[in-house]
Amino acid sequence: MSELNPFKIAQAQFDEAAEILGLDPAMREILRWPRREYKFTIPVKMDDGSTKVFHGYRVQYNDARGPTKGGLRWHPAETIDTVRALAAWMTWKTSVVDIPLGGGKGGVTCNPKEMSEAEKQRLARGWMRVIAKELGGDRDCPAPDVYTTPQIMAWMMDEYETIIGKNHPAVITGKPIPIGGSQGRGDATARGGIYTVREACKKLSVDPNGTYAIQGFGNAGQFAALLHKEVLGGGKLVAVSDSRGGIYVEDGMDPEAIVKYKLETGKVADFPGSKPISNEELLELDVNVLYPAALENVITKENAPNIKAKISCELANGPTTPEADVILHEKGVHVIPDFLANAGGVTVSYFEQVQGMYNYYWPLEDVRKQLDAKMTKAYHSVYDMHSEKKVHMRLAAYLVAVNRVAEVVKLRGWV
Ligand code: NAD
């Protein structure tokens, strides 16, 4: 396995936390590895009459705290090691927000961009037929991830219910609202992140009416633009970017106008009244809050010394490298780490699972209220660990998450 193997990285991050927590060898061994993993083949009849055999995966990393949960990726580069690593991260993410779930992940090696809707439906149903016995709202509950959609979740749920012969919408989340999706799932990731920013502003005495900038203007970035003002009651959006370039408006731009412009033109560049700015310059702006919401590894040891934001709220997964984490901590940049900052998505997925189990659906205000409560509590647990152990926020988040899973493993008598 190469040095960049994502599962090796996940294990190294766990090892660092395990060392500080002083976990015993058996506990380390059980938390370093998936409890169960499934690799299987899925034959699919293609539209041209041929049969294509796809490789599918499901990893149930750890179910000590509850049924495993995690998305399904349909991607040409999917391997068992990416699925294992993502399943480990889901275990820590559900733990850090203290929802009673474990971590899992799954996927199929395929290129959905080259498949028809009918072929995708047959693949979704084929995946479910192989693994249905191992799933359920009280066992393991998948959700959408890269290149999987609410429609795919609906087909999978339908296949599952056909197999078991009863209604069970809690088998999968991220479904369209008319067949058991939850209110509030669309903006949950950004909203959850902004709740943590609100708490950080209070702790650090940062002015919530100050400036903010967003790198990446897709689902997470656009909702962050709109909700920062709504949740914090103020703020001045000075810069946004996407893969085609960035823009800067010194006096601040209207979030609704820039979202509308992006939807109409497919880009943020050339927004009337703005100046162009590179993605690198955007990261180094002197703003109160920076939202990396695009790609991984954008804050590195090279640019970390130039980052001036007071708070970096990582809506993207993995935007900061381990070396940069240490530099940002020493400089006093307050990082809200990815698996805490973007946990609003899985939290509302959990609410969808709960609603499905009870067959009773909550109004939007209830979803938001419960999300706020979970994110606020999670932020303070991590902040308190960061203050107590004098470690950076990412390591503090690992310490909180791993400790909670270890506690339950011990209570169950596994070690
Ligand atoms: P998305 O595909 O909707 O948007 C990604 C955005 O990043 C696009 O605007 C794209 O133009 C931009 N981008 C791509 N390359 C860029 C570059 N070099 N510089 C600047 N911008 C660039 O994706 P998303 O759902 O918004 O996810 C963004 C990040 O948030 C990812 O890391 C994802 O894993 C993470 N995340 C999202 C969710 C969610 O619910 N959407 C949940 C958890 C984590």
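Remember, it's a predicted structure, so these values are computed and weren't measured experimentally.

The next point concerns the nonpolar core. Leu31, Trp92, Ile214, Val240, Ile258, Tyr291 and Ile336 are the most contacted members of the largest nonpolar core, which has 87 residues in total. Among the elements that make up this core, the one with the highest residue count is helix 14 (residues 393–411) (12 residues). When residues of this core are assigned to domains, at least three map to each of domain 1 (2–6 + 36–170) and domain 2 (188–341). Val44, Ala124, Ala132 and Met157 belong to the second-largest nonpolar core, a separate cluster that totals 26 residues.

Thr189, Asn219, Ala220, Asn279 and Asn317 are the nearest of the 19 residues found near the ligand. Side-chain polar atom of threonine 189 to an oxygen atom of the ligand: 2.6 Å apart, as the coordinates give it. Within the contact set of the ligand, an oxygen atom lies 3.0 Å away from a backbone nitrogen or oxygen of serine 243. Bound to the protein, the ligand loses 67% of the 830 Å² it would expose on its own.

Backbone hydrogen bonds hold the strands of a sheet together, and the pairing may be parallel or antiparallel. Read from one edge to the other, the open sheet built from 7 strands follows the order 9-8-7-6-10-11-12, with strand pairing classed as mixed. Of all the strands in the sheet, the pair left with one neighbour each is strand 9 (275–277) and strand 12 (334–336). Sheet twist, expressed as the mean angle between neighbouring strand axes with direction ignored, is 20 degrees. With 5 bridges connecting them, strand 6 (residues 211–215) and strand 7 (residues 236–242) associate as parallel partners. Bridge assignment links alanine 213 to a residue of strand 7, and that residue is alanine 239.

Further remarks concern the UniProt feature "active site" (unreviewed entry) in the chain. UniProt tags Lys105 as "active site" (unreviewed entry). Inspection of the secondary structure assignment puts lysine 105 in strand 4 (residues 102–109). On the basis of relative accessibility, which here comes to 5%, the residue lysine 105 falls in the buried class. Residues in contact with lysine 105, not counting those within four places in the same chain, are Arg58, Val59, Gly70, Gly71, Val83, Leu86, Ala87, Met90 and Asp145.

The end-to-end C-alpha separation of helix 7 (residues 219–232) is 19 Å, in line with the 20 Å expected for 14 residues at 1.5 Å each. If you look at helix 7, its biggest bend is around 35 degrees, right at leucine 226. Listing the buried residues of helix 7 in full gives Ala220, Gly221, Gln222, Ala224, Ala225, Leu227, His228, Val231 and Leu232. Elements that come into contact with the buried residues of helix 7 comprise helix 6 (188–204), strand 6, strand 7, helix 8 (255–265) and strand 10 (289–292). Looking one or two residues beyond helix 7, the residue adopting positive phi is glycine 233, at roughly 75 degrees.

For helix 12 (residues 344–358), with 15 residues, the first-to-last C-alpha span of 21 Å sits near the 21 Å given by 1.5 Å per residue. The element helix 12 is largely enclosed, with a buried count of 12 among its 15 residues. Contacts from the buried residues of helix 12 go to strand 3 (68–75), helix 3 (80–96), strand 5 (140–144), helix 6 and helix 13 (364–389). One or two positions beyond helix 12, positive phi appears at asparagine 359, with a value near 55 degrees.

A few words now on the packing of aromatic side chains. Evaluated as defined, the whole model comprises 10 aromatic pairs. On the numbers, 6.4 Å between centres and 70 degrees between planes, the contact of tyrosine 61 with tryptophan 92 is edge-to-face. You can see tyrosine 61 sitting in strand 2 (residues 51–62) and its partner tryptophan 92 sitting in helix 3, a full 31 residues away along the chain. With respect to class, tyrosine 61 is no different from tryptophan 92; both count as buried. Ring pairing ties together the aromatic residues Phe14, Tyr61 and Trp92, which thus form one cluster.

Turning our attention to the pattern of salt bridges. A complete count under the given rule lists 30 salt bridges for this structure. Salt-bridge contacts for glutamate 159 lead to arginine 125; the nearest nitrogen and oxygen are separated by 2.9 Å. On the criterion of sequence distance, the pair formed by glutamate 159 in helix 5 (residues 150–164) and arginine 125 in helix 4 (residues 117–131) is long-range, its members being 34 residues apart.

We now examine the pairing of strand 2. Here strand 1 (residues 36–45) pairs with strand 2 via 10 bridges, running antiparallel. By the bridge assignment for strand 2, lysine 39 is matched with tyrosine 57. Counting the residues in the hairpin turn of strand 1 and strand 2 gives 5 residues, including glycine 49, whose phi is positive at 95 degrees. In this structure, strand 2 lies alongside strand 4, joined through 7 bridges in antiparallel fashion. Among the inter-strand pairings, glycine 56 is bridged to a residue of strand 4, identified as valine 108.

Cut-offs and rules
Residues numbered from 1 in each chain as written. Predicted model: local features only at pLDDT ≥ 70, side-chain atom pairs only at ≥ 80, totals over all residues. Heavy atoms only, no water. Core = buried A, V, L, I, M, F, W, Y, C linked by side-chain atoms within 4.5 Å. Buried < 20%, exposed > 50% of the residue type's maximum accessible area, 1.4 Å probe, protein only. Helix = DSSP H or I, 4+ residues; strand = E, 2+ residues; numbered from the N terminus. Domains from an automatic or database assignment. Near = heavy atom within 4 Å. Polar contact = N/O pair within 3.5 Å; in protein donor to acceptor, adjacent residues only side chain to side chain. Areas by Shrake-Rupley, 256 points an atom, 1.4 Å probe, with all protein chains shown as cover. Pairing = 2+ DSSP bridges. Axes fitted to C-alpha atoms, helices over the stretch in contact; angles between N-to-C directions. UniProt positions renumbered as here; feature names shortened; annotations may be inferred. Contact = heavy atoms within 4.5 Å. Expected span 1.5 Å × (residues − 1). Bend = angle between axes of the 7 residues up to and from the residue. Phe/Tyr/Trp six-rings, centres within 6.5 Å; stacked < 30°, edge-to-face > 60°. Salt bridge = Lys/Arg side-chain N within 4 Å of Asp/Glu carboxyl O.

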